[in-house]
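# Coordinate inspection notes
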Amino acid sequence: MPARTGIELQRALSAYSRGNGGFRVASNPEFLREGTAVEDFFHPDRIVVGVEDPAAAEQLREIYRPILEHQFTCPVHNGKCPDTHKAEFLVTTINSAELIKHASNSFLALKISYANAVADLCEKLGANVEEVTHAMGLDPRIGTQFLKAGLGFGGFCFPKDIQAFISLAATVGVDFEILKAAERVNKQRIDRFFDKVSKALWVVKGKRVAVLGLAFKANTDDIRFAPALEVMKRLLEEGAEVHACDPEALEKTKRQFPQAHYHDDPYKALEGAHAALICTEWDVYKKIDWDRAGKLMVRKLVVDGRNLYQPEKMKALGFEYFSFGRE
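Let us look at the packing of helix H7 (residues 157-171) against helix H8 (residues 177-201). Relative orientation of the contacting elements H7 and H8 amounts to 150 degrees, with a least axis distance of 9 Å. The orientation of H7 with respect to H8, classified from their angle, is roughly antiparallel. Once H7 is placed against H8, the crossing between them reads as left-handed. The segment H7 lies against H8, with Ile-162, Gln-163, Phe-165 and Ile-166 engaging Leu-179, Lys-180 and Glu-183. Residue composition of the contact of H7 with H8, by class: four nonpolar, one polar and two charged.

This is how it looks when you write it as structure tokens:
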């Protein structure tokens, strides 16, 4: 919920309840990741409740008591939960709780865009972005998570929360320029990626291109704001013959791009291809036998939008290989 929603709701309830004190308003933001939502629910790192009434906080603490004290049969680990970490139960104001959700997602998006900006610099200077970000992440103040270069973020939460945060800041006279820059960097990733594809193929029209990964992230069928869809759109506009593959998102993508060809088996998508584009970091794509795949392709060309493979190994297999920040 956007900030101030809870307070406005509380005012409306007070105005129309005619003195009835039975209403309590609380903001309880969720921090569930797509693909690991059940795990995140039963093993949260924090539970945030925003309240103006202490009684509401106690009600929510009681609701969450089984989670806080691990008094449940864990469905994720077949009832044998190895996690002894107890989530922190944070009581804040309603406005703070609403901001915590937006601030958390926006910061993660900012971290991704920072890694991508560093990747662009690495390409210009001949450095390796993975060496740079790995060393950065060893600093406990920074950490390694989300500090990964690639095609950028998609999905519904990050783009929505960045826009909401920027808009909210503007209404109170705060110019959130840093988030505007993060959003701008993210949008540029598709341009950077397609530049690599165009330079490698020279002529895209009429080429058979395998697109591996359609969902915005692995372990979900969610294609909302997925970078792969923008890649497909540009390929089709350029006249390429697109053969796409994804473990979960094929049916949804077919409805948007019926003119493309779809395969459950990545090797079928790669057969006869002039190029393979890696757009989602599914485990099945991390394990592709590229020696086998190379024999199926017309041209051994891989443009890796997720930096899944090691350049030295791909080049040793005879591939032209392009990725982000490692060239």
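Turning to the nonpolar core, a few remarks are in order. In summary, soluble globular proteins display a tendency toward joint burial of nonpolar side chains. In this structure, Leu-235, Leu-277 and Trp-290 are the most contacted members of the largest nonpolar core, which totals 62 residues. Not counting the four nearest positions on each side in its chain, Leu-277 is found in contact with Phe-193, Val-197, Val-209, Ala-210, Val-211, Leu-212, Val-231, Leu-235 and Val-303. Counting 12 residues, the second-largest nonpolar core is a separate cluster that includes Val-51, Tyr-64, Ile-67 and Leu-68.

With that out of the way, let us pick up the sheet that holds strand S1 (residues 26-27). Strand order across the open sheet formed by three strands is S1-S2-S3, with mixed pairing between neighbours. Of all strands in the sheet, those with a lone pairing partner are S1 and strand S3 (88-92), marking the two edges. Where S1 lies against strand S2 (residues 46-51), two bridges are found, and the strand directions are antiparallel. Paired with Ser-27 across the two strands is Gly-50, which belongs to S2. Those strands touched by helix H3 (residues 54-63) are S1, S2 and S3, and its axis lies near 160 degrees from that of S3. Here helix H5 (residues 94-125) sits on the sheet in contact with S1, S2 and S3, set at roughly 140 degrees to S2.

Moving on: the sheet that holds strand S6 (residues 261-263). Remark on secondary structure: sheet strands pair via backbone hydrogen bonds, oriented parallel or antiparallel. Reading across the sheet, the six strands line up as S6-S5-S4-S7-S8-S9 and stay open at both edges, with parallel pairing between neighbours. Edge positions in the sheet fall to S6 and strand S9 (320-322), since each of these pairs with one other strand and no more. Averaged over all neighbouring strand pairs, the angle between strand axes comes to 20 degrees, with direction disregarded. Of the strand pairs in this sheet, strand S7 (residues 275-278) and strand S8 (residues 301-304) are connected by three bridges, and their pairing is parallel. Within the sheet, the bridge partner assigned to Ala-276 lies in S8 and is Val-302.

Looking now at the pairing of strand S4 (residues 208-212). For S4, a buried count of five out of five residues is recorded, marking the element as mostly surrounded by other parts of the structure. Note: S4 against strand S5 (residues 241-245), five bridges, orientation parallel. Bridging from a neighbouring strand, Val-211 pairs with Ala-244 of S5. Taking the sense of rotation as the criterion, the β-α-β connection linking S4, helix H9 (residues 227-237) and S5 turns out right-handed.

Moving on to the environment of Phe-165. Mapped onto the fold, Phe-165 is located in helix H7. For Phe-165, the residues in contact, after removing those within four places along its chain, are Leu-99, His-102, Ala-103, Ser-106, Phe-176 and Leu-179.

This next bit is on the packing of aromatic side chains. The full count for this structure, using the stated rule, is seven aromatic pairs. It is Arg-46 that lies over the ring of Phe-31; its NZ or CZ is 3.7 Å from the centre.

Let us look at the environment of Ser-167. Secondary-structure assignment places Ser-167 in helix H7. Taking the relative accessible area as the measure of exposure, Ser-167 reaches 43% and is therefore partly exposed. Each C-alpha atom of the pair Ser-167 and Pro-2 lies 9.9 Å from the other, and the pair is 165 residues apart in sequence.

What counts, and where the lines are drawn
- Residues numbered from 1 in each chain as written.
- Predicted model: local features only at pLDDT ≥ 70, side-chain atom pairs only at ≥ 80, totals over all residues.
- Heavy atoms only, no water.
- Axes fitted to C-alpha atoms, helices over the stretch in contact; angles between N-to-C directions.
- Helix = DSSP H or I, 4+ residues; strand = E, 2+ residues; numbered from the N terminus.
- Parallel < 35°, antiparallel > 145°, perpendicular 65-115°, else oblique.
- Left-handed = near helix turned anticlockwise from the far one by under 90°.
- Contact = heavy atoms within 4.5 Å.
- Nonpolar A, V, L, I, M, F, W, Y, C, P; charged D, E, K, R; others polar.
- Core = buried A, V, L, I, M, F, W, Y, C linked by side-chain atoms within 4.5 Å.
- Buried < 20%, exposed > 50% of the residue type's maximum accessible area, 1.4 Å probe, protein only.
- Pairing = 2+ DSSP bridges.
- Right-handed = clockwise from strand over helix to strand, strands pointing away.
- Phe/Tyr/Trp six-rings, centres within 6.5 Å; stacked < 30°, edge-to-face > 60°.
- Lys NZ or Arg CZ within 6 Å of the ring centre and 35° of its normal.

Worth remembering: the numbers are spatial, not functional.
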